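Topology and contacts: notes
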Amino acid sequence: MRRPRSRRELADRLFAVQSLFALLVIFVVAILASPRRDGEILFLTAGNLGNIVRAVSEIGIIAIGMTFVVLLGGIDLSVGAILGLSAVGTATLMVDSGLGILPAVAAVLAIGVLFGALQGYAVARLGIQSFIVTLAGLQVARGIARIWSGGLGIPIAYGDGPQEAPPAFELLNGSMNGVLPVPAVLFVLIGVAAVVVLRTTAFARHVYAIGGNEKAARLSGVPVTRVKVAVFAVAGLLAAVAGVVHAGQLNQGSPNDGAGYELDAIAAVVIGGTSLAGGSGSMGGTLAGALLLGILNNILALNNIDANVQLLIKGLVIVLAAALQKLRRGIA
């Protein structure tokens, strides 16, 4: 096997696995720092590991869509609000409107796609920065959710009568074989599909090209506008999927659901090694970043660390990830 020809090649190899290495390190640290009960490591119990992947699933699904946006060199601040809107829509359509699972979910996903596509169109055609567009989108989605719900949470009760959702929807709050939560299965399936798309499709190559140099991509014949609209539509779709999952897990839809989720999704993307400047990153890194955050949250909670200290620690982790990106560019 040939040796690396340059510092840049060696750096690329090391940084390609930085998120997986960090995930392994935090996993080992969590084992060592875990409280024990009757000699059993609480962190490694099946129930606790199930709780981690269940908690990660919603942020992870949103982070997958966020990865595409960041690879473009953009940002999407509206995804948490779209989750809240989608959760409200899911609960309202099934409980108040009496729709079945499939039509209710299809309507909610269509709302997510439309919302994202409109934002992508504003970014691509009107030339408005994605930060501004999606900041406005956050406010709009929250406002629609509050109008739709009357400003109140919509509880989901299950049954065949009026004001009740189909019992099958409760599956989202269950587990496979009593161990693996259904939301985690959805997260893994969507994650695998996203990895395949990002590694093998012309669409992904266009995304990387636009994020690397939009002007050069346009001159090379890349349909920049269509790609941008599609990417934001995908982000909206996946935020809506997370909203449906959220409604199923919490048995309610509230206009305040998903507050701050966009920040955790961005953190997962950054920790995963995707450059905020665009054009560089991987979906596998994002998945590892989401799991890393989930493990970190869990082990801090198991040790009863003050919530304010938890925020401080997570902030330091994000800064460290950003510093590693800076180091990578310096080596390159």
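The rules behind these values
- Residues numbered from 1 in each chain as written.
- Predicted model: local features only at pLDDT ≥ 70, side-chain atom pairs only at ≥ 80, totals over all residues.
- Heavy atoms only, no water.
- UniProt positions renumbered as here; feature names shortened; annotations may be inferred.
- Helix = DSSP H or I, 4+ residues; strand = E, 2+ residues; numbered from the N terminus.
- Rg over C-alpha atoms; globule rule 2.2 N^0.38 Å.
- Buried < 20%, exposed > 50% of the residue type's maximum accessible area, 1.4 Å probe, protein only.
- Contact = heavy atoms within 4.5 Å.
- Areas by Shrake-Rupley, 256 points an atom, 1.4 Å probe, with all protein chains shown as cover.
- Polar contact = N/O pair within 3.5 Å; in protein donor to acceptor, adjacent residues only side chain to side chain.
- Expected span 1.5 Å × (residues − 1).
- Phe/Tyr/Trp six-rings, centres within 6.5 Å; stacked < 30°, edge-to-face > 60°.
- Axes fitted to C-alpha atoms, helices over the stretch in contact; angles between N-to-C directions.
- Parallel < 35°, antiparallel > 145°, perpendicular 65-115°, else oblique.
- Nonpolar A, V, L, I, M, F, W, Y, C, P; charged D, E, K, R; others polar.
- 1 Å grid on protein atoms, 1.4 Å probe; cavity = no way out; pocket = protein on both sides within 12 Å on 5 of 7 lines; lining within 4 Å.
- Points joined across faces, edges and corners; volume = space filled by probe spheres on them.
- Salt bridge = Lys/Arg side-chain N within 4 Å of Asp/Glu carboxyl O.

Looking up the protein chain in an unreviewed UniProt entry gives the name ABC transporter permease, with the organism given as Micromonospora aurantiaca. As its UniProt record puts it under Subcellular location (unreviewed entry), the protein chain is described as follows: "Cell membrane".

Moving on, we come to the overall build of the protein chain. For the protein chain, the count of helices and strands is 13 helices and six strands. By the compact-globule yardstick of 20 Å for 332 residues, the protein chain fits well, its C-alpha radius of gyration being 20 Å. Overall, the C-alpha framework of the protein chain stretches about 70 × 60 × 35 Å when taken along its three principal axes. For the protein chain, buried positions account for 48% of its 332 residues. Once local pairs closer than 6 in sequence are excluded, the contacts in the protein chain between residues at least 24 apart make up 76%. Surface summary for the protein chain: the accessible area is close to 15,700 Å², and the carbon and sulfur share equals 66%.

Attention now goes to the side chain of Ser149. With respect to the helices and strands, the residue Ser149 is situated in helix α6 (residues 130-149). Here the side chain of Ser149 touches Ala145 through a polar contact of 2.9 Å, landing on its backbone oxygen. In terms of polar contacts, Ser149 uses its side chain to reach the backbone carbonyl oxygen of Leu152, at 3.3 Å. Setting aside its immediate chain neighbours within four residues, Ser149 contacts Val88, Ile154 and Pro255.

Take helix α4 (residues 79-96) next. Between its first and last C-alpha, α4 extends 25 Å over 18 residues, near the 26 Å set by a 1.5 Å rise per residue. Extensive coverage of α4 is indicated by the burial of 17 of its 18 residues. Count one or two residues on from α4 and you reach Gly98, which has phi positive near 75 degrees.

A complete count under the given rule lists two aromatic pairs for this structure. Seen in terms of ring centroids, Phe27 and Phe43 are 5.4 Å apart; in terms of plane orientation they differ by 70 degrees. Their pairing is edge-to-face. Note that Phe27 is positioned in helix α2 (residues 18-33) and Phe43 in the loop between β2 (40-41) and α3 (46-71), a separation of 16 residues in sequence. In this structure Phe27 comes out as partly exposed when scored by relative accessible area, which is 31%. For Phe43, a relative accessible area of 0% translates into the label buried.

Turning next to the packing of helix α7 (residues 182-200) against helix α8 (residues 202-212). Here α7 crosses α8 at 70 degrees, and the two axes come no closer than 5 Å. Our classification of the angle between α7 and α8 gives roughly perpendicular. Contact residues: α7 offers Val197, Leu198 and Thr200, while α8 offers Ala202, Phe203, Ala204, Arg205 and Tyr208. Looking at the contact of α7 with α8 residue by residue, the class counts come to six nonpolar, one polar and one charged.

Here the focus is the layout of surface pockets. The volume enclosed by the second largest pocket comes to roughly 250 Å³. Forming the walls of the second largest pocket are 13 residues, and the residues nearest its centre are Ala55, Val56, Ile59, Gly294 and Asn297. Every element with two or more residues in the lining of the second largest pocket is listed here: α3, α11 (261-271) and α12 (283-302). Per element, the largest residue contribution to the lining of the second largest pocket is six residues, and it comes from α3. Here the lining of the second largest pocket is built from residues that sort into seven nonpolar, four polar and two charged.

So, on to the UniProt feature "transmembrane region" (unreviewed entry) in the protein chain. According to UniProt, the "transmembrane region" (unreviewed entry) feature falls on residues 12-32, 52-72, 77-95, 101-124, 131-158, 178-198, 227-247 and 259-277. Secondary structure content for residues 52-72 is 95% helix and 0% strand, while the C-alpha to C-alpha distance between its ends is 30 Å. For residues 259-277, helix accounts for 58% and strand for 0%, while the C-alpha atoms at its two ends are 25 Å apart.

Between α8 and helix α10 (residues 224-250), the shortest axis-to-axis distance is 10 Å and the interhelical angle comes to 105 degrees. Taken as axis vectors, α8 and α10 run roughly perpendicular relative to one another. Where α8 approaches α10, its residues Phe203, His206, Val207 and Ile210 are matched on the opposing element by Val224, Val227, Lys228, Ala230 and Val231. A class-by-class count of the residues in the contact of α8 with α10 yields seven nonpolar, one polar and one charged.

Unlike most non-glycine residues, Gln163 shows phi in positive territory, near 60 degrees. Tracing the backbone through its elements, the reader meets Gln163 in the loop between β3 (154-155) and β4 (175-176). Residues other than glycine seldom take positive phi values, yet Asn251 does so here, at roughly 55 degrees.

Across all of its chains, the model carries two salt bridges by this definition. A salt bridge links Glu214 to Arg218; the nearest nitrogen and oxygen atoms lie 3.0 Å apart. Within this pair, Glu214 and its partner Arg218 are both found in helix α9 (residues 214-219), separated by four residues, close to a single helical turn. The partly exposed category is assigned to Glu214, whose relative accessible area is 29%. It is possible to trace a salt-bridge network through shared partners that takes in Glu214, Arg218 and Lys228.

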